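Read off the chains here:
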Amino acid sequence: MKRLRILLALAVGVLAAGCYNDFDTPAPKKLFTDEDMTVLGLEHVTIKEVKEMFESKCGGLSGTGTNSDFASTRTLKFGTKTTDEKDFEGLYEWPEASNFYIKGKVISSDRQGNIYKSLHIYDGTAAIELKLYSGLFMDFYLDLEDMISQWVYVRLDGLYLGNYRMMLSIGGAPSDGINTAGNHKYYANSNLDNPKVAALNVFRGEYTTLEPSDIKEVDASNYTSLGEADLGRLVRFNKIKIRYAGVKNQDGVTPAGLKSGSNENPYPSW
């Protein structure tokens, strides 16, 4: 398996280096295509299929990303577990995924700083978060004004799919640490903080148009239909007021309760 990964890494290097054969006048950085994935011997699967496999292997989303210990913080590895990982509680494996890749359009940007070390992509079936490095807007393109995006290819082999509070993401190996409150937290996967390491699995593709269907339109008629299938997607809210039910606002007005008639906590439980 290690030899196969080395060969794949070399193949990626050869494909990428093909555009840099002139030191004085280098060509533009290579943009990958479906054909390149075929050259690498990879088979395409949808993001929806990847998410469904996590739920099948790990028992769904609810209760699998509590961060209280590794047993309850479950992770799906794309490929086969190593000898050291065999007894890792909460870690599952998907051996066939070592030959798979996903592709999706860029639907997030960290240019304004409100998204940190995360890139979200969408392929028409589902969206997913990629846990990468900072400054992603310099490498992955998104222009919502002109509705221009970019394809991103992800070679799954050796990466880890994990759940953090209902949001599935793809990244490096599970990790743990002490947070600012002094609590020991466990994380289903980690960021690929080194761009050179990330580039072994995450490839920039050609530029493309964002279609209206790539953005989830939500208004008063359908906001109650938002659910797990929409996690990670780019959503546009139209003429919707966000407020606490049954809680007095800054104008001294108490809005009505929820449609159920209650004033329960509007946030989901994990």
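Residues numbered from 1 in each chain as written. Predicted model: local features only at pLDDT ≥ 70, side-chain atom pairs only at ≥ 80, totals over all residues. Heavy atoms only, no water.

As a further point, take the overall build of the chain. Secondary structure assignment for the chain yields four helices and 14 strands. Residue burial in the chain is summarised as follows: out of 270 residues, 40% are buried. Within the chain, contacts between residues at least 6 apart in sequence are counted, and of these 57% link residues at least 24 apart. Here the chain has roughly 15300 Å² of accessible surface; of this, 52% comes from carbon and sulfur atoms. (Helix = DSSP H or I, 4+ residues; strand = E, 2+ residues; numbered from the N terminus. Buried < 20%, exposed > 50% of the residue type's maximum accessible area, 1.4 Å probe, protein only. Contact = heavy atoms within 4.5 Å. Areas by Shrake-Rupley, 256 points an atom, 1.4 Å probe, with all protein chains shown as cover.)

This part covers a negative patch on the surface. A surface patch of negative charge is lined by E43, E49, E52, E55 and E228. A total of three residues in the negative patch trace back to one element, the largest contributor, which is helix 3 (residues 47-58). Exposure remark for E228: the relative accessible area of 43% places this residue in the partly exposed category. (Patch = residues over 30% accessible without salt bridge, like charges linked within 9 Å, V, L, I, M, F, W, Y side chains within 5 Å. Salt bridge = Lys/Arg side-chain N within 4 Å of Asp/Glu carboxyl O. Lys, Arg positive; Asp, Glu negative; His and termini not counted. Charge placed at Lys NZ, Arg CZ, Asp CG, Glu CD.)

What follows deals with the pattern of salt bridges. For the structure shown, the criterion picks out eight salt bridges. Put simply, K77 and E85 hold a salt bridge, and the shortest N to O gap is 2.8 Å. The pair formed by K77 and E85 is uniform in burial state, with each residue classed as buried. Taking the shortest distance from any N to any O, the salt bridge between D157 and R155 comes out at 3.9 Å. Note on accessibility: D157 and R155 belong to one class, buried.

With that settled, consider the environment of V45. When you line up the elements, V45 lands in the loop between strand 1 (43-44) and helix 3. Excluding its chain neighbours within four sequence positions, the residues that come into contact with V45 are V50, F100, Y101, I102 and L156.

Turning our eyes to something else, we now look at unusual backbone geometry. Trans is the prevailing form of peptide bonds, just as negative phi is the prevailing case for residues other than glycine. Not every positive phi belongs to a glycine, and K117 is a case in point at roughly 55 degrees. We note that M147 has phi near 60 degrees; this positive angle belongs to a residue other than glycine. Take M147: it is sitting in the loop between strand 6 (127-131) and strand 7 (148-155).

Here helix 3 is 12 residues long and its end C-alpha atoms lie 17 Å apart, about the 16 Å a rise of 1.5 Å per residue gives. Of all the positions in helix 3, only I47, V50, K51, F54 and C58 are classed as buried. Relative to the axis of helix 3, the buried residues are bounded by an arc of 95 degrees and lie together on one face. Phi turns positive, to about 90 degrees, at G59, one or two residues after helix 3. (Expected span 1.5 Å × (residues − 1). Arc of directions from axis to C-beta.)

Take the pairing of strand 6 next. In terms of burial, strand 6 is largely enclosed, as five of its five residues are buried. Residues of strand 6 alternate between two faces, with A127, E129 and K131 on one and I128 and L130 on the opposite face, all of them buried. Examined bridge by bridge, strand 5 (residues 118-122) and strand 6 share five bridges and lie antiparallel to one another. Paired with L119 across the strands is L130, a residue of strand 6. Both strand 6 and strand 9 (residues 167-171) contribute to a ladder of two bridges, which runs parallel. (Pairing = 2+ DSSP bridges.)

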